[in-house]
Amino acid sequence: MVILGRQGSGKGTQSGRIAERYGCVHLSTGDVLRAAVAEGTELGQQAAGIMNAGGLVGDDIMIPLVQERIGKDDVVAGGVLLDGFPRTAEQANGLEAMLAGLGQALTIAINLDVPVEEVTHRMMARGREDDTEEAIVRRLGLYDQETAPLLDWFDERGLLVSVDGLGEEDDVFARLEEVISSRLA
Ligand code: ADP
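A short tour of the structure in this document, coming up. These numbers were taken from a predicted model, which means no experiment stands behind them. (Residues numbered from 1 in each chain as written. Predicted model: local features only at pLDDT ≥ 70, side-chain atom pairs only at ≥ 80, totals over all residues. Heavy atoms only, no water.)

Its 15 residues give helix 8 (residues 133-147) an end-to-end C-alpha distance of 20 Å, which sits within 8% of 21 Å, the value for a rise of 1.5 Å per residue. Among the residues of helix 8, those classed as buried are Ala135, Ile136, Arg139, Leu140, Leu142, Tyr143 and Thr147. Seen along its axis, helix 8 keeps its buried residues to an arc of 160 degrees; they face one direction. The exposed set on the far side of helix 8, more than 90 degrees from its buried face, consists of Glu133, Glu134, Val137 and Gln145. Those residues of helix 8 hidden inside the fold are in contact with strand 1 (2-4), helix 3 (42-52), strand 4 (109-113), helix 7 (116-126) and helix 9 (149-156). (Helix = DSSP H or I, 4+ residues; strand = E, 2+ residues; numbered from the N terminus. Expected span 1.5 Å × (residues − 1). Buried < 20%, exposed > 50% of the residue type's maximum accessible area, 1.4 Å probe, protein only. Arc of directions from axis to C-beta. Contact = heavy atoms within 4.5 Å.)

Turning next to the sheet that holds strand 5 (residues 160-164). What the five strands build is an open sheet, ordered 2-3-1-4-5; its pairing is parallel. The strands lining the two open edges of the sheet, one partner per strand, are strand 2 (25-28) and strand 5. Each neighbouring strand pair of the sheet contributes to a mean axis angle of 25 degrees, computed without reference to strand direction. Taken together, the five bridges between strand 4 and strand 5 define a ladder with parallel strand orientation. Of the residues in strand 5, the one forming a bridge with Leu112 is Val163. (Pairing = 2+ DSSP bridges. Axes fitted to C-alpha atoms, helices over the stretch in contact; angles between N-to-C directions.)

Let's shift gears to the nonpolar core. Core analysis: the biggest nonpolar cluster contains 28 residues, and Val66, Ile70, Leu82, Phe85, Leu95 and Phe154 have the highest contact counts within it. The set of elements that each furnish at least two residues to this core consists of strand 1, strand 2, helix 3, helix 4 (59-70), strand 3 (80-83), helix 6 (89-102) and helix 9. Setting aside anything within four residues of it in sequence, one finds Ile70 in contact with Leu27, Val75, Val76, Val80, Leu82, Leu95, Met98, Leu99 and Leu102. Ranked by size, the runner-up nonpolar core spans 17 residues in total, among them Cys24, Ile110, Val161 and Phe173. (Core = buried A, V, L, I, M, F, W, Y, C linked by side-chain atoms within 4.5 Å.)

Here we take up helix 6. Taking 1.5 Å of rise per residue, the 14 residues of helix 6 would be expected to cover 20 Å, and the 20 Å separating its terminal C-alpha atoms lies within 8% of that figure. Among the residues of helix 6, Gln91, Ala92, Gly94, Leu95, Met98 and Leu99 are the ones counted as buried. Down the axis of helix 6, the sector holding all buried residues measures 160 degrees, keeping them to one side. Turned more than 90 degrees away from the buried face of helix 6, the exposed residues are Ala97, Ala100 and Gly101. Looking at the packing, one finds that the buried side of helix 6 touches strand 1, helix 4, strand 3 and helix 9. A positive phi of about 70 degrees marks Gly103, the residue just after helix 6.

Have a look at this one:
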């Protein structure tokens, strides 16, 4: 499964719940990168500046990082929910190639839909280190430019389902559960 949605759409929170409900691995590339920054690894040192500026870490770094993780036994056995990947056309093509190599296929790509005014408001309120006004504007711009076109890419493959991300967390989760369960059935 893949979940797409603007920064601040509640993707991270809902992804954790989905992974628990369906017994799959939740792979958040943002979490992987933040852990690398905290540990001061080479990856973290490469990524920190880019993340704080609201930029995108290079495809040459992100694709091998995901490839390495999704070949592991727990993912092959229980499946995976990708949160924050793919974010560019290059990453989407990379994902298609790596899944084909593993003999796996995507089940669903969920677009968690929240309007730009609402996510801006939410991000200003949560105050993460990379949630400065400048970085937020840059991230949302890159989302429209690089990531939103992927909605068509998934739709062309018959994988896209949009879910309204406005409202109470539990209500949003119930909507997600409905579309995922019907797709898995
Ligand atoms: P947000 O959804 O608010 O951007 P994430 O936790 O998904 O938060 O990502 C945080 C940052 O990590 C991004 O702004 C970007 O710099 C980097 N990042 C995460 N995933 C990717 C990716 N697939 N490609 C490039 N950069 C990424």
